[in-house]
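Topology and contacts: notes
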Amino acid sequence: YGLDGRQMQYVPGGKPNNVDLRGGFPGPKGPVVLVAASDRGRAGAALYRLDPTTLKLAFWGVVKLDLVEPYGLCLAKRGDTFVMIVNSTDGQVRQYAVTTGPRGRPAIKEERRFALATQPEGCVADEVAGRLYVGEEGRGVWRYDLGTGPAQGELIAEAPSDVLKPDVEGLALLREGATTWLIASSQGDSAFAVWRVDGARPEYRGRCSVMAGGGVDNVTGTDGVAALGGRVGAFPEGLVVVQDDVEESGAGAGGPRALQNFKLVDWRDVKKALGL
């Protein structure tokens, strides 16, 4: 989609759940954007290559994974290595290096595996600090290193709590210069919690909800969240995109339409609300 909400392209296939991307991946004619989605329909991860000039997305292939149900997914770059982290509904987490294999098809090599006690989903990688954040839906947010050694997790935010109401869903990072913010979706009360995480210890800074205004309905059942700092189109300091489970704007006498959609939120409004 464009930032105006208009659909630019549709690529059918599979049953995708989480999606992430990283630029600079070696392509057949130069660097491309690597796009990956956990694919519950094809028991793996679907990989795509996005042309940074034309913004056209091309299906590359599916890599099979030994997971019960591929669920959450995120990408990272560690030096020249492109890393894909995928988790499963039974708590298993896998970390892979992604490369181009024989005949130009996608290939993966497992770097490590670990597990959470219950179902995870959202994850996001902080490549600057070398950290990985994983949301365990009924327990909270975990922090790991982004290396290849044994995974030693630290629970940095518990759920249920005053900060997070299960399920803990999407996670996103927003960078402003040397400052990095972690945003977590608190589905149980349709809110978003924010931490500053560029220091040695996460610093909790507050939570907010996206309310109705200007003919746009409020965000409920919060799930996926993505964020990008700096100028993003008409958003001078950053953009947060959140998933809304039910679109209520313009609903008639029959009640809300049974659709989900996405809301674009100016990062300046979040900072103002939380006093950041």
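Being a predicted model, the structure only gives us computed values, none of them experimental.

**Here we look at the state of the cysteines**
With the rule as written, the count across this model stands at 1 disulfide. The partner cysteine of Cys-74 in its disulfide is Cys-123, sulfur to sulfur 2.3 Å. In this structure, the disulfide formed by Cys-74 and Cys-123 twists by about -120° around the S-S bond and is classed as left-handed. One end of the pair, Cys-74, is in strand E5 (residues 70-78); the other, Cys-123, is in strand E9 (residues 120-126), with 49 residues separating them in the sequence. Accessibility assignment for this pair places Cys-74 and Cys-123 in one class, buried.

**Notes on the sheet that holds strand E19 (residues 261-266)**
If you trace the 3 strands from one edge of the open sheet to the other, you get E17-E18-E19, paired in antiparallel fashion. The sheet terminates laterally at strand E17 (225-229) and E19, the two strands that pair on one side only. Each adjacent strand pair in this sheet contributes to an overall mean axis angle of 15°, direction not counted. In the sheet, E17 pairs with strand E18 (residues 238-244) via 5 bridges, with the strands oriented antiparallel. In the strand pairing of E18, Ala-227 is matched with Val-240. Helix H1 (residues 267-274) contacts E18 and E19 of the sheet and is inclined by roughly 65° relative to E19.

**Notes on H1**
Among all positions in H1, only Trp-267, Val-270, Lys-271 and Leu-274 are buried. Looking straight down H1, one finds its buried side chains confined to an arc of 95°; they lie on one side. Away from its buried face, by an angle of more than 90 degrees, H1 presents the exposed residues Lys-272 and Ala-273. Contacts made by the buried residues of H1 are with strand E13 (168-176), strand E14 (179-186), strand E15 (191-196), strand E16 (203-208), E18 and E19. Remark: Gly-275 follows H1 within two positions and exhibits a positive phi of approximately 65°.

**Some details on the sheet that holds E5**
Overall, antiparallel pairing links the 4 strands, which are arranged E5-E6-E7-E8 in an open sheet. Every interior strand has two partners, whereas the edge strands, E5 and strand E8 (106-115), have only one. For this sheet, the mean angle separating the axes of adjacent strands, direction not counted, is 25°. As defined by bridge partners, E5 adjoins strand E6 (residues 81-88) across 7 bridges and the pair is classed as antiparallel. Paired with Cys-74 across the bridge in E6 is Ile-85.

Definitions and limits used
Residues numbered from 1 in each chain as written. Predicted model: local features only at pLDDT ≥ 70, side-chain atom pairs only at ≥ 80, totals over all residues. Heavy atoms only, no water. Disulfide = S-S within 2.5 Å. Helix = DSSP H or I, 4+ residues; strand = E, 2+ residues; numbered from the N terminus. Buried < 20%, exposed > 50% of the residue type's maximum accessible area, 1.4 Å probe, protein only. Pairing = 2+ DSSP bridges. Axes fitted to C-alpha atoms, helices over the stretch in contact; angles between N-to-C directions. Contact = heavy atoms within 4.5 Å. Arc of directions from axis to C-beta.

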